[in-house]
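Observations on the model geometry
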Amino acid sequence: MTRHLLKLVWNRKRTNTLIVLEIFCSFLVVFGLAAAALHFLARYRQPLGFDYSSVWYVDVARNTGSDWGDWEPEEAATFARLLTALESLDGVEAAAGCTSAPYMGASFIHGWSFRGQDMGAEVSYVTPGFIDVLRPELVSGRWIDAADSALDWTAIVVDEALAAELVGDEDPLGQRVTDVKEGEDDLRVVGVVRDYRRGGELDENTPYLFASARLDRPADAQALRTLVVRLAPGTPADLEQPLLETLAAIAPDWSFNVVHVEQAREDYLRAQLLPLASLGVIAGFLLLMVVLGLTGVMWQNVTRRTREIGLRRAAGAHRARIQRQIVGEVAVTAGLGLALGLPLVLQVPLIGPFTFVPFAVVVPATIVSALLILLLAMLCGLYPGWSATRIRPAEALHYE
Amino acid sequence: MTFADIWAPISTAKSTAHEEQLLGEFQGIVLARSRADFPSIKSEFASRLAAAELPDPERYDALLSDALTRYGELARDALGREAGEPAPTGRFTLLVLAVVIAFMTIPALNLVNLSLSRILERCSEIGVRKAFGASSWTLVGQFLVENVVLTLSGGALGLVLSWITIGVVNASGLVPYAELEMSLRVFAAGLLLSLLFAVISGAYPAWRMSRLHPVEALHGRER
């Protein structure tokens, strides 16, 4: 059957070449969108590593000094007072200081040295309460606690991605990491948390490190740029006003800016998905156009072959077989277009700029887009096929 | 990005840290006298930045920042370049063009296919006109004019549709702070582009038509 259909398609190769080309281009576009969507979906389905619901963060801008200037001891004391005041506020479940909060636009990537190897990893200096606010999930070891301030080394907690990069399968607990610039720094891993993806669901999973921030050490304290707050369940957004007033009462000349993390997440997702969504809408219109066009071409095709089809009917072919022939012909033509596209598309993970796209995304994207195109093409054959079955043999044989 | 619910003078901020700090929330915006001034603004910014003193040279090697156009920023973000690297506007433009061409090939091929079947449908009409002495060029001209008329009516439909789409996008809040308006200039460019497409995609079918043999065509058959 397929061989016979191929022959029929081949007999009208001039017209069909263009249809094959059109299918080929549509396939490439649908594949590109499907691959991008699946790529994002795969990232989206990875665990985030923190709980963003009912969390606010507060940007803190001190009044003096540059970013690099050490904190004055009284500034560190003010920061500590801000934290205590937040914790005792009605409706606040937990509060902590950190370098950067989830979905914040900026990231703080620092150079680290481990066993003589330099690497970059994003870092957040945190106070012990951080685990109660964003709830990163501890895998092994322990979280940073208040007693760490008394140590003569800095306690750090790494996420699984960084642990794997540091020691592979070995036990990361107790390993010593130093600062690239200040080689004598002594940071030791005390715990491992699940992959912490601060940037958000659609960002790449990059290595992450939490370091214990000591408010008495100016170099640590200056990295505390943000306060994070977990609200008790059911706390209304009205809390923002008293919260800001509390902060302003303690540090009247500092600036504070409250961001609701859930809102920041929505903005982030919208900004990330907008280009894909608009391309998707355009592609949807293009496919609609292809379906209409192909239906028109097939219909015309059937009209032109009235005699041929009439002859088949006269020779005893059943209506269902005529319908199947027409749908089959479109399917075979579309199949040729797909056959052109497949070898190209399956090479995507090997081609220069796209090597970051894994086969795990390309293979399902290929299957989904090929099936969609095939299905749409067959849909285009349905109506012309039906109208072909309406042809009466007696009239068709006289058709000129 | 330059949108906000409220614009407030910088002097109302309680903290004056932004006067000293290199890291922070602020972005500077420069209004150039003309586009021709962009390169000199960029080079002046770069030379001033190079002269800026690093607060802690022991810890930090370099301070990187760029004066970029909005398009340059878009290109840099899209291609994941770091500050300090030249904005890859050329590559970005190529990438956008490639996507646009990939998208536009489909309607173009679709149009060719449709035009072809329209011609074949009218095989006998063409045969009659040829038999009565119409030259190939007359027929090609007629066909192209038909194509243009169809495109223009499609354009009118497109005008209505884009008007509705703009209303929907504005109402949906999909793009924050978007107040999209109908731009005649963009619409005219779109119309011109589709006219171009109509003529180009009409060319091949018209050529096929001009080669139809009158006797064959009269029988409704293609050679």
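Preceding this section is the structure that the text describes.
Figured I'd write up the structure that's included with this text. Throughout, a residue's number is its position along its own chain's written sequence, starting from 1. By the order in which they are written, chains take letters starting at A while ligands take numbers starting at 1. Local features in a predicted model are, by the rule used here, given only for residues with pLDDT of at least 70; side-chain atom pairs are given and counted only at 80 or more, and totals for whole chains, interfaces and linings are based on all residues. Heavy atoms throughout the structure, all of them, feed into the side-chain values; hydrogens and water do not.

1. So, the overall build of chain B
Stated precisely, the cut-off is as follows: Secondary structure elements are taken from DSSP: a helix is a run of H or I of four residues or more, a strand is a run of E of two residues or more, and numbering for both begins at the N terminus. Put simply, the radius of gyration uses C-alpha atoms, and a globule should come to 2.2 Å times the residue count raised to 0.38. Only heavy atoms matter for contacts: two residues are in contact if any of them lie within 4.5 Å across the pair. Working definition of accessibility: Shrake-Rupley area with a 1.4 Å probe, residue cover restricted to the visible protein chains. For the purpose of counting charges, residues Lys and Arg are taken to be positive, whereas Asp and Glu are taken to be negative. His and the chain ends are not included. Each charge is placed at NZ for Lys, CZ for Arg, CG for Asp and CD for Glu.
Helices and strands together make up the secondary structure of chain B, namely seven helices and zero strands. When the helices and strands of chain B are listed from N to C terminus, the series reads α-α-α-α-α-α-α. At 29 Å, chain B has a C-alpha radius of gyration far larger than the 17 Å of a compact globule built from 223 residues. Taken along the three principal axes of its C-alpha coordinates, chain B extends 90 × 35 × 30 Å. Looking at chain B alone, contacts between residues at least 24 apart form 54% of all its contacts between residues at least 6 apart. Accessible surface for chain B amounts to roughly 15100 Å². Of this, 65% is attributable to carbon and sulfur atoms. One way to put it: in chain B the 19 positive side-chain charges average out to a point 17 Å from where the 22 negative ones average out.

2. Re the packing of helix 2 (residues 13–45) of chain A against helix 10 (residues 319–346) of chain A
All names here are of chain A. What counts, and what does not: Interaxial angles span 0 to 180 degrees and are taken between N-to-C directions of axes, which are lines fitted to C-alpha atoms, for helices over the stretch in contact. Every angle not falling under 35 degrees, over 145, or within 65 to 115 is termed oblique; those three ranges are roughly parallel, roughly antiparallel and roughly perpendicular. With the far helix as reference, a near helix turned anticlockwise by less than a right angle produces a left-handed crossing, and one turned clockwise produces a right-handed crossing.
Taken N-terminus to C-terminus, the directions of helix 2 and helix 10 make an angle of 45°; their axes are 8 Å apart at the nearest point. For the element pair helix 2 / helix 10, the angle class is oblique. Relative to helix 10, helix 2 is oriented so that their crossing is right-handed. In contact with Asn16, Ile19, Val20, Ile23, Phe24, Phe27, Leu28 and Phe31 of helix 2, helix 10 contributes Thr333, Ala334, Leu336, Gly337, Leu338, Leu340, Gly341, Leu342, Leu344 and Val345.

3. Re the side chain of Thr151 of chain B
Residue and element names in this part refer to chain B. Short version of the rule: For every residue, the accessible area (1.4 Å probe, protein chains only) is compared with the maximum for its type, and the residue is labelled buried under 20%, exposed over 50%, or partly exposed between those bounds.
Relative to the helices and strands, Thr151 resides in helix 5 (residues 136–172). According to the relative accessible area criterion, Thr151 is buried, its value standing at 15%. With sequence-adjacent residues up to four places away left out, Thr151 is seen in contact with Ser194, Leu195 and Ala198.

4. So, the pattern of salt bridges
This is how it is decided: A side-chain nitrogen of Lys or Arg and a carboxyl oxygen of Asp or Glu constitute a salt bridge if their distance falls within 4 Å.
If you walk through the whole model with that rule in mind, you get 19 salt bridges over all chains. In this structure, Glu160 of chain A engages Arg194 of chain A in a salt bridge whose closest nitrogen and oxygen atoms are separated by 3.0 Å. With Glu160 of chain A in helix 5 (residues 160–167) and Arg194 of chain A in the loop between strand 8 (187–193) and strand 9 (208–212), this pair connects stretches of sequence that are 34 residues apart. On the accessibility criterion, Glu160 of chain A (28% relative accessible area) is partly exposed. A salt bridge links Glu73 of chain B to Arg70 of chain B; the nearest nitrogen and oxygen atoms lie 3.3 Å apart. Residue Glu73 of chain B and its partner Arg70 of chain B are both found in helix 2 (residues 70–78); the two are separated by three residues, about one turn of the helix. According to the relative accessible area criterion, Arg70 of chain B is partly exposed, its value standing at 43%.

5. Considerations on the pairing of strand 7 (residues 176–179) of chain A
Residues and elements named next belong to chain A. For the record, the criterion: What makes two strands pair is DSSP finding at least two bridges between them.
Taken together, the two bridges between strand 3 (residues 109–114) and strand 7 define a ladder with antiparallel strand orientation. For Ser113, the partnering residue across the bridge sits in strand 7 and is Thr178. Here strand 7 runs beside strand 8; their pairing, made up of two bridges, is antiparallel. Paired with Arg176 across the strands is Arg188, a residue of strand 8.

6. Some thoughts on the pairing of strand 9 of chain A
Moving residue by residue along a regular strand, the side chains alternate between the two faces of the sheet. Residues and elements named next belong to chain A. Of all five residues making up strand 9, five are buried, and the element is well covered by its neighbours. Going residue by residue along strand 9, you find Tyr208, Phe210 and Ser212 tucked away on one face and Leu209 and Ala211 tucked away on the opposite face as well. Bridge count between strand 4 (residues 117–126) and strand 9: five bridges; the pairing is parallel. Bridge pairing in strand 9 places Val126 opposite Ser212. With three bridges joining them, strand 6 (residues 154–159) and strand 9 adopt antiparallel strand pairing. Its bridge partner lying in strand 9, Ile156 is registered against Ala211.

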